[in-house]
Amino acid sequence: MASVPAKCLGVGERAAQQQRATQPSARAAVVSGAPLRLPGQLGSSIVHNRRGQFQQRRQPTWRRNAVAGSSPGDEAGRTSSRSAADGSGGVTWKCTIRSTSPLLGDTSTRLSLVVIDTHSEVRSAVITVDSWKPPREVLTSDGTLAWERDGPVTLPAAIKDPGALLLRKMPEPNGAPAQDYIGSIQLVSATTVHTVPANSWVSSDHGWRVFFCGEAFLPKDTPPALADERRRELEELQGSPESRMEKRKNTDRIYWYQVYSDLSSGQTGKLVRPNLGGSKELPYPRRLATNRGNEPDGREKAPAKGEEFWLQMDDRFSFNKNVDFNGAALQSSLASALAIIAEVSGDRDRSPITLVPSLVLGGLGELLGSLFPRVESPLDNYEDYKDVLAMYKKASGPAFQSLLPSNLYPASASSSASSASSSSSGASTASTRGALGSLIGKVLSPFKKADGAWDFQLPDEVAAKIDASTADQRVGPVYDSATGAPAPASRSFINFDSKPGAARTDERLGSKLWSTVTSSTTSINNLLFFNVPRVLEGRADAWYTDEEYGRQIVAGFNPCTIAALKDLPENFGSAIRGKHVNADLQGATLEQLVDAAKKGAKPRLFMVDYWDLSAFWQAAEAEAAAAGGSSSSKSLLGSLAGGKDKDSAKPMVQHAGRAVFYLRQDANGKDTGLIPVAIELAHPKTHKENPGLPRTAGVVYSRADLVKDPATLAVWRLAKMVFRSLDSSFHQLISHWNRTHSVLEPFFIAMRRNISVMHPVYKLMAPHYRYTLNINRNARSSLINAGGVIEKTFSAGPYALRLASVVYGKYWNFATEALPEDLKARGMVDPSTGKPWLDYPYATDGLDMWSALTAYFDKYLRLYYSSDKDVLEDTELQAWWAEVKTEGHPDLLRFGLRSSEEQLWGFQGPIPSVSRLVTVLTTLAWLASGHHAAVNFGQYDFTSFILNTSSLVRKPMPAPGDAAYKELTGARSREKQEGIILEYLADPITATTVSATVKLLSAHARDEHTLDEENEMLVDPAAREANQEFIAAMKRLECDIEMRNADAANWARYGLANDKSGPMPYTLLTPGSRAGVTMRGVPYSVSI
Ligand SMILES: [Fe+2]
């Protein structure tokens, strides 16, 4: 994890940092001390890195032959032709092979290598390690028990400057495949030290693999001795036109593209989803090809039983990330726990049963029966707000009273509480139901304590069973390394007690793994423990205010959708008019403020527009009609339109909406806060109930009209909650998944296929793609898949990913993904200064990060490109860019959804200049780091609390005149009003699912790599210096952010704090962080 500058730290954090500093450093252990050369100079290179993740796949014929044969003659073409003719005698060097994986089975054996000299093109004879000393186990600083092995090697005297190594792993004696994870290989002569990074699984399926020294070379500058190997390595990663379409096997290394045809692999009936990508209607970026073959309808077949979606071994999570919940919980532990909760509560409809390994279910069946009595849906609704807050009891002490707001209701509303019995006609029996629910909860629910607090902690027996059953999965790659296949005996293996000094390495290691996978940090119950979210802690009176609502639009979990209002709403089909907002505009009018902003003045009105969420209303209706009202189609419609058919036991309603915000100012013209002044909402039935209303318009909820009366205040608050739910959907599907996870994947695939690991652009960008393929693979299998967590917990249900596709098709342009362009396009910055018009923490901190990235990339790239001509003539770089456009993101131009390359990509044709390359790469780095961090790591603290953010809405928003509106405005006690509102928001099981999921997604893993840490792929001294300057800039940014957060003039960070409510600083773009849910820390890559 990143370190934080001491002067920015609190006492506790500083102590923790000092403690970390005393721990041995894995990096220090592998860095050698030989002199470094400047770019262009050939010679000794030293390098190490963590997981540079270089890979490959099926061998060309010549290389497969080399594997099959064992006699030197078979390998002459690749390994030793020049050394045989060298005739100058041998020199003894010391060679050390280091792994960062545990020593198991046959690891460290049957490895061969050949050394290639940079200058002379001489290659050594084949060297085998089996005559060396036995391997040693070494403990890395992150707690992994790894191995290293060294021995003498005799190299031709002409080899003075090793530039590359060929490495090969042979199969086991019985012919079974075998693989080793190789971190680095070090060669030491009497005068020099050369460390060649590998960071790769080397398999007996691969034949000879090449690993290059750490120096960076443009293609034209490649030393001649290495040029062929550079080309061959890329060819292997590319595969042939035939092999790239073949089904992948475990050790394959080919990168290719495929449409999103795996979201419902293996599913039938109502869980069938259309492919995303490859059509005008559902355009989408491509994902990593797995080629399992297609069903007749074009969907990819399901993996074989027990198999995961394929992923290159080198792109999988590291051992440490994998043993964290970040690695496996999405598929197994969390799904199991939620299934149990749903099952026990009688809510099988919500049970993510398809995700639960049969092993877990089978093992838990009896246990569940004995531990839990079946209950009759005690979890349908929260009773009141206090009941919601009771989720957080444990973290807030013995009682949760401190979380209860004191000013939520106006005095007049409180005084009417005693009139609860005189409820209006037509009102539900919410309070009665609440009391009954409470009774049921106390008597029957296993998740409620006698004092009313929620407690989703599973009994120890159940939790232990889940933890143990998923341990296999979490340590899988380690066993793969030893045997080539998952070890069936691993479960009993890891139950061994600690046996220090035991002869068998698996016995010694077993205890290590067991303690890791069963430690408190990885228990499923940790995910089901809900600490108080920061949006609530110390700020019980903040969440319901309009000021906080507006603040979160610029400093919350989705700060990238607000836009200056420069057009009258009627011009884009909205029903919002001056009469709805003028009373809140401090003497101005809608027309005046829009007109002024259009003419270039500072905007005071802003809009967030989520009308596109209505995209599938009609399609769902048509599907239902076409299916003749079959149960499955009714369920689809029900999920969108609030249907009450039995298949839709938990109806969800997909609204569309817009909100207008006003930037208030004091008498001196100083900004004091942003408040919502009008919210426009519609649901699938709105236009049927209001035939005259255009499809582009909805019911307008005016703040000024509604807050005057305690009765209608409830309507305003519900409108805010419903709109926030849209914000939540748009955040998850668009701002988060679309704009980072999914759009970046094809950029990485294209990079692996076209840009060598020797290329300076590869070395600069590889950290920005670390783990992205793995987390996206996980997401496709358990989050965004048919019946997955997103469909179950967001209002769009089965249409969720189709909405993401539609919005990608309508709006995504690489050209405006650069932060300054994005802000400009939304009218959020003063064009004369480039600075935000208002206190906009995401933009202010983000622009600083953007500037630092730009300066760093510019300096770095100019070390290698001396002119724009160099860029234009860089064959690897231009092949990458061309392939991104034609294979990675082909749909937008192919189907005419954009008018030109310029519109989509910002320019036409190849990358023309160094400065353009800087912008392209900075945009990619920003999306992977700053943008992703801003929308990812605040999820728990903003969205786990349903009163602040409910992921779904279960009932249509009431409109004036309808019965539901009367019910809400007629509720004369706060308990009754709260009970009614909670029927609209997420139910307790959904809230628990969301809370546990976003807790997982908001957590930094132990081996996270943040922007204030070195890019360890850089070796060239000038490159490292540029990187150090960037790191210094990141540390300065941390201090700047702390200063901004402490300045009361910044209303969005501090200024709204008062005696009832503490401040909520904006920390999401603070580069460094410790592990865990910290609401800060900017990893290089999209890795969670
Ligand atoms: Fe993410």
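Look up a bit, the structure's there.
We now turn to the structure provided with this report. Note that the structure is predicted; figures quoted are calculated from it, not measured.

**Quick word on the overall build of the chain**
And step 1. When its secondary structure is counted, the chain shows 41 helices and 16 strands.
And step 2. Across the 1088 residues that make up the chain, the buried fraction comes to 63%.
And step 3. A sequence separation of at least 24 residues applies to 77% of the contacts in the chain between residues at least 6 apart.
And step 4. Of the roughly 37000 Å² that the chain leaves accessible, carbon and sulfur atoms contribute 54%.

**A few points about the sheet that holds strand E3 (residues 127-128)**
And step 1. Taken in spatial order, the four strands make up an open sheet running E3-E2-E6-E9, and their pairing is antiparallel. Two strands in the sheet have a free side with no partner beyond their single neighbour: E3 and strand E9 (209-212).
And step 2. The pairing of strand E2 (residues 111-117) with strand E6 (residues 162-169) spans seven bridges and is antiparallel. By the bridge assignment for E6, Leu113 is matched with Leu167.
And step 3. On the sheet, helix H5 (residues 224-238) packs against E2, E6 and E9 and is oriented at approximately 120 degrees with respect to E9.

**Observations concerning the nonpolar core**
And step 1. In this structure, Phe747, Leu861, Trp880 and Leu921 are the most contacted members of the largest nonpolar core, which totals 217 residues.
And step 2. With 21 residues, helix H24 (residues 710-754) is the largest single contributor of residues to this core.
And step 3. Among the nonpolar cores identified, the runner-up in size contains 24 residues, and Ile97, Val115, Ile127 and Trp147 belong to it.

**Some points on the coordination of the iron ion**
And step 1. Around the iron ion, the protein supplies His736 (NE2), His741 (NE2), His932 (NE2), Asn936 (OD1) and Ile1088 (O) as donor atoms, at distances of 2.2 to 2.5 Å.
And step 2. Of note, the donors binding the iron ion are all from one chain and are spaced H-x4-H-x190-H-x3-N-x151-I.

**Observations regarding the packing of helix H37 (residues 963-970) against helix H38 (residues 974-984)**
And step 1. At a minimum axis separation of 8 Å, H37 and H38 run at an interaxial angle of 140 degrees. Between H37 and H38, the crossing angle belongs to the class labelled oblique. Contacts between H37 and H38 involve Ala964, Glu967 and Leu968 from the first element and Gln977, Ile980, Ile981 and Tyr984 from the second.
And step 2. Of the residues contributing to the contact of H37 with H38, the split by class is five nonpolar, one polar and one charged.

**Some words on the packing of aromatic side chains**
Each aromatic ring pair is summarised here by two numbers: the centre-to-centre distance and the angle between the ring planes.
And step 1. Enumeration according to the criterion identifies 33 aromatic pairs in this entry.
And step 2. For the pair Tyr808 and Trp812, a centre-to-centre distance of 5.7 Å together with 25 degrees between the ring planes defines the contact as stacked. Neither residue differs from the other here; Tyr808 and Trp812 are each classed as buried.
And step 3. Ring pairing ties together the aromatic residues Tyr260, Tyr284, Phe747, Tyr808, Trp812, Phe814, Trp880, Trp881, Trp905 and Phe907, which thus form one cluster.
And step 4. A cation sits over an aromatic face here: Arg724 above Tyr549, 4.2 Å from the ring centre.

**Comments concerning the side chain of Arg551**
And step 1. Residue position: Arg551 is located in helix H17 (residues 546-555).
And step 2. Here Glu548 takes part through its side chain, which lies 2.8 Å from a polar atom of the side chain of Arg551.
And step 3. The contacts of Arg551, once residues within four sequence positions are left out, are Arg539, Gly556, Leu674, Phe942, Trp1051, Ala1052, Leu1056 and Met1064.

**Section: H38**
And step 1. Burial within H38 is extensive, with nine of its eleven residues counted as buried.
And step 2. Among all positions of H38, only Lys976, Gln977, Glu978, Gly979, Ile980, Ile981, Leu982, Glu983 and Tyr984 are buried.

**Digging into the pattern of salt bridges**
And step 1. All chains considered together, the criterion is met by 56 salt bridges.
And step 2. Where Asp130 meets Arg149, a salt bridge forms, and the shortest distance between an N and an O atom there is 3.9 Å. Residue Asp130 is found in the loop between E3 and strand E4 (136-139), and its partner Arg149 is found in strand E5 (residues 145-156); the two are separated by 19 residues along the sequence.
And step 3. We classify Asp130 as partly exposed; its relative accessible area is 42%.
And step 4. Two residues, Asp228 and Arg231, come together in a salt bridge whose shortest N-O distance is 3.7 Å. Of this pair, Asp228 and Arg231 both sit in helix H5, three residues apart, roughly one helical turn.
And step 5. A residue is classified by how much of its surface remains accessible, and Asp228, at 39% relative accessible area, is partly exposed.
And step 6. Connected via shared salt-bridge partners are Asp262, Arg287, Arg292, Glu300, Glu745 and Arg780.

**Remarks on the environment of Thr919**
And step 1. Relative to the helices and strands, Thr919 is located in helix H35 (residues 914-936).
And step 2. Residue Thr919 is classed as partly exposed on the basis of its relative accessible area, which comes to 33%.
And step 3. The sequence separation of Thr919 and Asp858 amounts to 61 residues, and the corresponding C-alpha distance is 8.9 Å.

**What about the sheet that holds strand E16 (residues 699-702)?**
And step 1. If you trace the five strands from one edge of the open sheet to the other, you get E12-E13-E14-E15-E16, paired in antiparallel fashion. On the outer flanks of this sheet lie strand E12 (563-564) and E16, each paired with one strand and no other.
And step 2. Of the strand pairs in this sheet, strand E15 (residues 671-682) and E16 are connected by four bridges, and their pairing is antiparallel. Along E16, the bridge assignment pairs Ile679 with Tyr701.
And step 3. Its contacts with the sheet place H24 against strand E13 (605-610), strand E14 (656-665), E15 and E16, and it is angled at close to 85 degrees to E15.

Reading the values: the criteria
Residues numbered from 1 in each chain as written. Predicted model: local features only at pLDDT ≥ 70, side-chain atom pairs only at ≥ 80, totals over all residues. Heavy atoms only, no water. Helix = DSSP H or I, 4+ residues; strand = E, 2+ residues; numbered from the N terminus. Buried < 20%, exposed > 50% of the residue type's maximum accessible area, 1.4 Å probe, protein only. Contact = heavy atoms within 4.5 Å. Areas by Shrake-Rupley, 256 points an atom, 1.4 Å probe, with all protein chains shown as cover. Pairing = 2+ DSSP bridges. Axes fitted to C-alpha atoms, helices over the stretch in contact; angles between N-to-C directions. Core = buried A, V, L, I, M, F, W, Y, C linked by side-chain atoms within 4.5 Å. Donors = N, O, S within 2.8 Å, 3.2 Å for Na, K, Ca; no water. Parallel < 35°, antiparallel > 145°, perpendicular 65-115°, else oblique. Nonpolar A, V, L, I, M, F, W, Y, C, P; charged D, E, K, R; others polar. Phe/Tyr/Trp six-rings, centres within 6.5 Å; stacked < 30°, edge-to-face > 60°. Lys NZ or Arg CZ within 6 Å of the ring centre and 35° of its normal. Polar contact = N/O pair within 3.5 Å; in protein donor to acceptor, adjacent residues only side chain to side chain. Salt bridge = Lys/Arg side-chain N within 4 Å of Asp/Glu carboxyl O.

Note that all results are geometric; they support no functional claim without further evidence.
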